[in-house]
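Structural overview
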Amino acid sequence: ILIALSSLAACGCSSNFDRQWEAAGNPPAGGIEGRWQGHWKSEQDGHTGALRCLVRKLGPETYEASFDATYASVFTFAYDAKLEGRRAGDQIYLLGDQDLGWPVYTYHYAGMASPAQLYCTYHARDDRGFFALVRPGGTPPKAPLQPPATPLPTTTP
């Protein structure tokens with residue numbers, strides 16, 4: 001019964017995500033908002049799966065990322081995470097934490113995004129890995145985006 005209820009709950013979240021995904025449309029030029037797709041991989045245990053993400057800008061340096069992921073090619077899970085972003089040229093450095101509760105606990109994210117690619121590493125108490133995303137139809141990066149030649153500003157202009 002618990003598995004059936006969990007599956008129904010996951011389907012409901014995925015259906016809501018699907019509606020938001022379709023409504024998101026094309027991304028704004030030069031930004032990181034909008035639809036992303038690719039994969040995630042746990043470097044702890046080797047698990048991997050498909051990943052979709054919707055990024056919304058909440059403020060000058062704040063984003064919300066809604067994730068819809070598959071696990072073991074059968075299960076789906078969805079959650080939201082707040083990310084702080086600092087622009088450096090055409091790339092944005094991203095940092096964030098999200099408490100997903102027991103048994104997952106808090107995930108910590110660090111990565112970079114350009115208008116065409118988004119790559120983040122993550123770590124939690126019992127897991128670490130990465131996710132690599134591109135705009136729909138693109139090829140996900142296999143490695144992190146390279147940092148810009150100039151250092152990040154320490155304050156927002």
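Scroll up for the structure.
What comes next is a walk through the structure.

Procedures and definitions
- Residues numbered from 1 in each chain as written.
- Predicted model: local features only at pLDDT ≥ 70, side-chain atom pairs only at ≥ 80, totals over all residues.
- Heavy atoms only, no water.
- Helix = DSSP H or I, 4+ residues; strand = E, 2+ residues; numbered from the N terminus.
- Buried < 20%, exposed > 50% of the residue type's maximum accessible area, 1.4 Å probe, protein only.
- Contact = heavy atoms within 4.5 Å.
- Areas by Shrake-Rupley, 256 points an atom, 1.4 Å probe, with all protein chains shown as cover.
- Salt bridge = Lys/Arg side-chain N within 4 Å of Asp/Glu carboxyl O.
- Lys, Arg positive; Asp, Glu negative; His and termini not counted.
- Phe/Tyr/Trp six-rings, centres within 6.5 Å; stacked < 30°, edge-to-face > 60°.
- Polar contact = N/O pair within 3.5 Å; in protein donor to acceptor, adjacent residues only side chain to side chain.

Here we look at the overall build of the chain
In terms of regular secondary structure, the chain is built from 1 helix and 8 strands. The secondary structure elements of the chain, listed N-terminal to C-terminal, are α-β-β-β-β-β-β-β-β. For the chain, with 157 residues in total, the buried portion stands at 36%. Taking the intrachain contacts of the chain between residues at least 6 apart in sequence as the baseline, contacts between residues at least 24 apart amount to 40%. When the accessible area of the chain is evaluated, it comes to approximately 9100 Å², of which 59% is carbon and sulfur surface.

A short note on unusual backbone geometry
Note: most residues except glycine have negative phi, and most peptide bonds are trans. The backbone of Ala-72 sits at a positive phi, close to 60 degrees, despite the residue not being glycine. Backbone geometry at Ser-73 places phi at a positive 60 degrees, although glycine is not the residue there. Mapped onto the fold, Ser-73 is located in the loop between strand 3 (62-71) and strand 4 (75-88).

Quick notes on the pattern of salt bridges
Applying the stated criterion across every chain, the model contains 4 salt bridges. For the salt bridge of Arg-52 with Asp-68, the shortest nitrogen-to-oxygen distance reads 3.0 Å. Of the two residues, Arg-52 is situated in strand 2 (residues 48-59) and Asp-68 in strand 3; the sequence distance between them amounts to 16 residues. Asp-68 carries the same exposure label as Arg-52, and that label is buried.

Here's the deal with the side chain of Glu-33
If you trace the backbone, Glu-33 turns up in the loop between helix 1 (2-24) and strand 1 (34-42). We note that Glu-33 is buried and unpaired, the nearest opposite charge coming from Lys-57 at a distance of 4.5 Å.

Section: the packing of aromatic side chains
Taken as a whole and judged by the stated rule, the model has 9 aromatic pairs. Where Trp-40 meets Tyr-71, the ring centres are 6.1 Å apart and the plane angle is 10 degrees; that geometry is what we call stacked. Pair noted here: Trp-40 is in strand 1 and Tyr-71 is in strand 3, with a separation of 31 residues, a long-range link. Ring centres of Phe-67 and Tyr-79 lie 5.2 Å apart, and the angle between their planes is 35 degrees; on these two criteria the pair is classed as tilted. Here the residue Phe-67 occupies a position in strand 3, and Tyr-79 occupies one in strand 4, the gap between them amounting to 12 residues.

So, the environment of His-108
Looking at the element boundaries, His-108 is found in strand 6 (residues 106-113). Among the residues examined, His-108 registers a relative accessible area of 29% and is labelled partly exposed. As a C-alpha pair, His-108 and Cys-120 span 12 residues in sequence and 9.9 Å in three-dimensional space. Leave out the neighbours within four places in its chain, and His-108 touches Gly-96, Asp-97, Thr-121, Tyr-122 and His-123. Separated by 2.3 Å, the side chains of His-108 and Asp-97 make a polar contact.

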